[in-house]
Amino acid sequence: MFDLGWSELMVIGIVALIVVGPKDLPVLFRNMGRFMGKARGMAREFTRAMNDAADEAGVRDVAKTLKTATNPVNSAMDGVRDAAKSMTDPTPPKKSEGLKEDPGALDAERAENKQKIEASAARAAADRQKREAEAAAKRAEDAAKKAEELEAAMKKDGEA
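Residues numbered from 1 in each chain as written. Predicted model: local features only at pLDDT ≥ 70, side-chain atom pairs only at ≥ 80, totals over all residues. Heavy atoms only, no water.

Regarding helix α2 (residues 25-57)
Taking 1.5 Å per residue as the helical rise, α2 with its 33 residues ought to reach 48 Å, and the 48 Å between its terminal C-alpha atoms agrees with that figure. A positive phi of about 90° marks Gly58, the residue just after α2. (Helix = DSSP H or I, 4+ residues; strand = E, 2+ residues; numbered from the N terminus. Expected span 1.5 Å × (residues − 1).)

Structural data, given as structure tokens:
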């Protein structure tokens, strides 16, 4: 991590012996060991939390999928296994699987639904605009009444 050799550690030890003293040096090393243990524990906990977050995000699933996709032999064997399973499966396929009899029927149904949605959206927009116009007209009437009241009050003050 820090790339310290034996000579650097020896210099650090001698400086620590001179600065701290021989009496307190074992206590210092014990406290340093505890600190390093706590730091390593925190690093392990952080790594574990990051791995858990990656698992929840599906990173391992994506990595597994990529690994499977890059291995063509396993992919081919999976295809063979699926084909053999479908051949030996006695249950017939469901009616909902595969193409419908008339693919154009879906288009007409979708077009009808689209028209219904557009009509209801246009109706809602018209209703909203009507409500907004009524609210604006009411605010204009209120403002006109307030202006008339203020003008009448000014006239009374001018006469008095």
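From this point, the narrative continues.
Thoughts on the pattern of salt bridges
Under the definition given, this model contains three salt bridges. Across the salt bridge formed by Glu112 and Lys116, the nearest N and O atoms sit 3.5 Å from each other. In this pair, Glu112 and Lys116 both sit in helix α5 (residues 103-159), four residues apart, roughly one turn of the helix. For Glu112, a relative accessible area of 43% gives the class partly exposed. (Salt bridge = Lys/Arg side-chain N within 4 Å of Asp/Glu carboxyl O. Buried < 20%, exposed > 50% of the residue type's maximum accessible area, 1.4 Å probe, protein only.)

Comments concerning the confidence of the model for the protein chain
Note: predicted coordinates in regions of low pLDDT should not be interpreted at a detailed level. Looking at the protein chain as a whole, its pLDDT mean stands at 81, while 84% of the residues score no less than 70. Between the elements of the protein chain, mean pLDDT differs from a low of 72, seen in helix α4 (residues 72-88), to a high of 90, seen in α2. (pLDDT = per-residue confidence, 0-100.)

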